[in-house]
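So you can see what is in the structure, the chains are spelled out below.
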Amino acid sequence: MTLRTRFAPSPTGQVHIGNLRAAIFNWLFTRHEGGEFLLRIEDTDRERSTPEAVQAVLNAMEWLGLTTDGEILYQSTRREAHLAAADKLLQSGHAYKLDKGGTGKGEAVLFKMPGTDMAFRDLIKGDLHKAATDLQDFVIVRSDGNPVFHLANVVDDIHMGITHVIRGDDHVENTYRHVALYRALGAPVPQFAHLPMIVNAQGKPYSKRDGAAYVGDFREKGYEADALFNYLALLGWNPGDDREVMPRDELVAAFSLDRVQAKAAQFDFRKFEWMNAEYLKRLPADVYRQRFRRELSAAGLLPDDVAESYLDAVCALLRERIKSWPETALQAGYFFTEQYPFDPDAVRKRLKKEGATELLAALRDAYSALPSFDAASTEAALRGIAEARGINASELIHPLRVSVTGQPGGPSLFHLLEVLGRDRTLARLARPIPA
RNA sequence: GUCCCCAUCGUCUAGAGGCCUAGGACACCAGGUUUUCAUCCUGGUAACACCGGUUCGAAUCCGGUUGGGGACGCCA
């Protein structure tokens with residue numbers, strides 16, 4: 001029998017990182033074992049299941065590279081099979097009809113629990129058991145004739161031949177019901193593995209109040225899919241050695257459910273950002289340039305007539321400095337517009353300082369007379385002025401940077417000037433000090 | 001309230017009786033490199049929740065306490 005797993009989200013909006021991690025662990029486990037990873041959309045809730053929500057699931061999986069095997073199963077197409085299973089259970093005496101609670105809504109179909117203590121082995125949490133008295137009969141078909149989650153879930157997992165159910169912690173208690181259903185239906189019981197939750201600093205389930213909680217949030221903010229994948233894989237699991245930044249194939253090779261943590265894990269955004277920066281560093285040059293361009297364009301900073309060589313030069317200069325894409329506008333903006341913002345503190349400290357204006361004028365004169373405007377020449381000229389005046393080179397360097405970039409920090413100043421070019425540099429030096 | 005689960009640095013974790021004076025990573029602090037910020041390098045602060053057993057020996061096994069979380073729908 002081939003090992004088979006599934007990801008079975010209900011499309012009710014966006015994909016939460018907790019769900020995404022369940023998908024990742026399923027995928028990693030399946031790829032490691034050489035099995036099949038299937039997708040089932042649990043869209044029986046007509047109210048909330050929209051085509052957009054289904055698309056959000058598909059987009060998220062594609063973005064993260066969570067490849068699936070076989071056709072996608074839409075649970076809404078399985079209604080007849082669910083009801084047939086309920087009939088079978090009614091026939092075999094495993095279920096009965098009842099107007100539960102005397103609501104007058106009509107009779108629902110209830111599944112009859114076996115009346116014995118139950119136990120199952122969870123691949124993550126170990127042996128779990130529950131006393132018969134804590135196991136109550138439950139509704140499998142509502143009085144309006146619609147199948148309930150438990151029935152649909154189990155019937156479909158049987159139909160799909162799922163051998164390993166890897167899902168969230170919140171389903172632990174449901175598992176006793178599900179195991180009983182498998183048995184009553186005469187189907188082999190799959191293996192179960194329940195993943196602990198992702199929590200916030202308060203130990204509560206991580207939600208959008210705690211920051212980026214949906215896959216789309218990460219994507220929109222320009223984080224790397226591979227970084228999110230890697231970080232989430234390491235949240236509640238580790239390879240058993242000190243590796244952390246791990247390419248996809250290494251994760252697959254090292255993954256095993258018995259190294260999954262039994263306790264909840266807190267999402268640490270700072271460590272995630274570190275991970276993202278690690279992935280940014282490793283990006284191939286051409287991919288990096290493509291992303292760089294996309295960010296500038298999104299920020300409305302990319303002129304239509306920009307020269308490719310100029311863009312390349314700026315990109316190369318900033319390559320080691322940008323740790324996340326959202327900061328691109330600030331880091332790179334001044335290369336493309338004269339309307340770059342000035343950092344107020346830097347202006348006060350460097351440009352409004354005694355003598356700064358005069359020094360900048362001297363620099364301007366020297367730079368306009370330079371035979372060649374390259375990094376070595378601009379640096380030599382600046383140091384020459386500093387020496388002639390008996391001042392520290394930094395007395396010139398700081399005002400120059402702020403005047404030309406508006407920022408207190410940035411890439412190597414003289415290389416920056418070379419990329420910026422003489423014309424822009426001189427024009428900026430000639431401008432009055434911003435208020 | 002009932003039932004279930006969990007418990008190592010602030011965070012993610014290594015650790016499956018002696019290798020632990022508890023290791024790594026993020027964060028933090030200090031120093032170095034740098035014109036600046038960042039990077040980078042070096043070093044540092046920081047944890048076995050508590051109590052009792054078992055054992056020659058316990059972070060590791062057992063029990064209890066405390067704390068945290070989850071589940072208790074004709075939702076999924």
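Note that the structure is predicted; figures quoted are calculated from it, not measured.

Enquirer: Which parts of the structure should I look at to understand the packing of helix α16 (residues 394–405) against helix α17 (residues 413–420)?
Expert: The axes of two packed helices give the description: the angle between them and the distance between them. Running from N to C, α16 and α17 point in directions that differ by 35 degrees, and their axes come no closer than 11 Å. Crossing angle aside, the handedness with which α16 passes α17 is left-handed. Packed against α16, whose contacting residues are Ile397, Leu400, Arg401, Val404 and Thr405, the element α17 presents Leu413, Phe414, Leu416, Leu417 and Leu420 at the interface. Of the residues belonging to the contact of α16 with α17, the class tally is eight nonpolar, one polar and one charged.

Enquirer: Please clarify how the sheet that holds strand β2 (residues 36–41) should be interpreted in this entry.
Expert: Adjacent strands of a sheet pair through backbone hydrogen bonds, lying either parallel or antiparallel. Across the sheet, three strands lie side by side as β1-β2-β3; this open sheet has parallel pairing. Whereas interior strands pair on both sides, the edge strands pair on one side only; in this sheet they are β1 (4–7) and β3 (73–74). The sheet strands contacting helix α2 (residues 51–64) are β1, β2 and β3, and the helix crosses β2 at an angle near 160 degrees. Relative to β2, helix α4 (residues 149–160) is tilted by about 145 degrees, and along the sheet it contacts β1, β2 and β3.

Enquirer: Even after reading the chapter, I still don't get the pairing of strand β7 (residues 126–130), so can you show me in this structure?
Expert: Within a regular strand, side chains alternate between the sheet's two faces. Bridging between strand β6 (residues 118–122) and β7 involves five bridges; their strand directions are antiparallel. Across the sheet, residue Arg121 finds its bridge partner in β7, namely Asp127. Hairpin remark: β6 followed by β7, antiparallel, with three residues in the connecting loop.

Enquirer: Could you clarify how one ought to interpret the sheet that holds strand β4 (residues 95–98) in this entry?
Expert: Within the open sheet, the three strands sit side by side as β4-β5-β8. Their pairing is antiparallel. In this open sheet, the two edge strands, each paired with only one partner strand, are β4 and β8 (138–141). For this sheet, the mean angle separating the axes of adjacent strands, direction not counted, is 45 degrees. Bridge count for β4 against strand β5 (residues 108–111) is four bridges, and the pairing is antiparallel. Residue Leu98 lies in a different strand from β5, and its bridge partner there is Ala108.

Enquirer: It is not clear to me how the side chain of Asp217 should be interpreted in this structure. Could you clarify?
Expert: Mapped onto the elements, Asp217 comes out in helix α6 (residues 215–220). Contact partners of Asp217, with chain neighbours within four places excluded, come to Gly211 and Ala212.

Enquirer: Which parts of the structure should I look at to understand the environment of Asp305?
Expert: Relative to the helices and strands, Asp305 resides in the loop between α10 (285–298) and α11 (308–318). Overall, Asp305 belongs to the exposed group, its relative accessible area being 67%.

Enquirer: Would you mind showing me how to read the environment of Lys97 here?
Expert: Within the element layout of this structure, Lys97 appears in strand β4. A C-alpha to C-alpha distance of 68 Å links Lys97 and Gln331, two positions 234 residues apart in sequence. Residue contacts for Lys97: discarding those within four places in its chain leaves Leu90, Glu107, Ala108 and Val109.

Enquirer: What am I meant to see in the protein's contact with RNA strand B here?
Expert: In the region of RNA strand B, 56 residues are neighbours, and Lys100, Arg142, Glu244, Lys263 and Arg321 sit closest. Backbone atoms, meaning sugar plus phosphate, form 72% of the atoms of RNA strand B positioned within 4 Å of the protein. Note that a phosphate oxygen of RNA strand B is positioned 2.6 Å from one of the side-chain N or O atoms of Lys204. Arg401 is positioned with one of its side-chain polar atoms (N or O) 2.9 Å from a base nitrogen of RNA strand B. When contributions to the surface near RNA strand B are tallied by element, the ones reaching two or more residues are β7, α4, α5 (172–184), β12 (265–266), α9 (269–282) and α16. Tallying contributions element by element places α9 first for the surface near RNA strand B, with four residues.

Enquirer: What exactly am I supposed to notice about the pattern of salt bridges here?
Expert: In a structure, side chains of opposite charge can pair up when their charged atoms sit close to one another. According to the stated counting rule, one finds 25 salt bridges in the structure shown. Salt-bridge contacts for Glu173 lead to Lys130; the nearest nitrogen and oxygen are separated by 2.4 Å. Here Glu173 is found in helix α5, whereas its partner Lys130 is found in strand β7, with 43 residues between them in sequence. Assessed through its relative accessible area of 49%, Glu173 is described here as partly exposed. What makes Lys130 partly exposed here is its relative accessible area of 21%. Across the pair Lys271 and Glu244 runs a salt bridge whose closest N-O atoms are separated by 3.2 Å. Separated by 27 residues along the polypeptide, Lys271 in helix α9 and Glu244 in the loop between α7 (225–233) and α8 (248–254) bring together distant segments of the chain. Salt bridges sharing partners connect three or more residues here, namely Arg6, Arg40, Glu42, Arg78, Asp156 and Asp157.

Definitions and cut-offs
- Residues numbered from 1 in each chain as written.
- Chains lettered and ligands numbered in written order.
- Predicted model: local features only at pLDDT ≥ 70, side-chain atom pairs only at ≥ 80, totals over all residues.
- Heavy atoms only, no water.
- Axes fitted to C-alpha atoms, helices over the stretch in contact; angles between N-to-C directions.
- Helix = DSSP H or I, 4+ residues; strand = E, 2+ residues; numbered from the N terminus.
- Left-handed = near helix turned anticlockwise from the far one by under 90°.
- Contact = heavy atoms within 4.5 Å.
- Nonpolar A, V, L, I, M, F, W, Y, C, P; charged D, E, K, R; others polar.
- Pairing = 2+ DSSP bridges.
- Buried < 20%, exposed > 50% of the residue type's maximum accessible area, 1.4 Å probe, protein only.
- Near = heavy atom within 4 Å.
- Polar contact = N/O pair within 3.5 Å; in protein donor to acceptor, adjacent residues only side chain to side chain.
- Salt bridge = Lys/Arg side-chain N within 4 Å of Asp/Glu carboxyl O.

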